[in-house]
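Summary of the model geometry
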Amino acid sequence: MISPVQPLNAFCVDLEEWFHICGVHTRYDDPASWDQAPSCVEKDTEVLLAMLDEAGAKGTFLTIGWLAERYPRLIRRISEQGHEIGCHGYYHQLVYEQSAAQFREEIRRCRNILREVSGQEVLCFRAPGFSIKRQC
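For the rest of this paragraph, the subject is unusual backbone geometry. Phi at H92 takes a positive value of approximately 60°, unusual for a residue other than glycine. Accessibility expressed as a relative area gives 7% for H92, which makes it buried. In this model, F130 sits at a positive phi of 50°, which is unusual for a non-glycine residue. Considering the arrangement of structural elements, one finds F130 in the segment after α4 (100–118). For F130, a relative accessible area of 63% corresponds to the exposed category.

Time to look at the pairing of strand β2 (residues 60–63). Of the two faces of β2, the one holding T60 and L62 and the one holding F61 and T63 are both buried throughout. With four bridges joining them, strand β1 (residues 12–15) and β2 adopt parallel strand pairing. Each bridged residue has a counterpart across the sheet, and for V13 the counterpart in β2 is F61. With four bridges connecting them, β2 and strand β3 (residues 84–87) associate as parallel partners. Bridge pairing links T60 to E84 in β3.

With the rule as written, the count across this model stands at four aromatic pairs. When the ring of Y90 is compared with that of Y91, the centres are 4.5 Å apart and the planes differ by 85°; the resulting orientation is edge-to-face. Given the relative accessible area of 2%, Y90 is considered buried. Take Y91: its relative accessible area is 26%, and that puts it in the partly exposed class. With a centroid separation of 5.7 Å and an interplanar angle of 75°, the aromatic rings of F103 and F125 are classed as edge-to-face. Taken together, the residues F103 in helix α4 and F125 in the segment after α4 connect sequence positions 22 residues apart. On the basis of relative accessibility, which here comes to 24%, the residue F103 falls in the partly exposed class. On the basis of relative accessible area, F125 is assigned to the partly exposed category, the value being 31%. Feature note: the residues W34, W66, Y90 and Y91 constitute an aromatic cluster, connected by ring pairs.

Parameters and conventions
Residues numbered from 1 in each chain as written. Predicted model: local features only at pLDDT ≥ 70, side-chain atom pairs only at ≥ 80, totals over all residues. Heavy atoms only, no water. Buried < 20%, exposed > 50% of the residue type's maximum accessible area, 1.4 Å probe, protein only. Helix = DSSP H or I, 4+ residues; strand = E, 2+ residues; numbered from the N terminus. Pairing = 2+ DSSP bridges. Phe/Tyr/Trp six-rings, centres within 6.5 Å; stacked < 30°, edge-to-face > 60°.

This is how it looks when you write it as structure tokens:
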């Protein structure tokens, strides 16, 4: 008799602000303006963390480095609740719009910040806007 395989349920969150969404142009397109943009990431993430806690579920929070620098307590809280912290780039820039050197620096900078703030090794990456293409 073949034993049944338990399905793996995976839950991932792209942890970014509303003005980081690729292809949505606002007056906050320039990273220099981001500190002036109204933020909702802390409030929204707290709601999500409470829901995950209630369900006894864990997830991966793919986080941009810029956000980790501004909200280190939020990233620590996510980590302390047992969720994985992953890299989503420093500025949430599309990979195919960067040179290889820019991409390496973006990932290096983000991983270092996330590792420092969360206390976790950062082992996963999701490209902003799923922007890794075969042509890159």
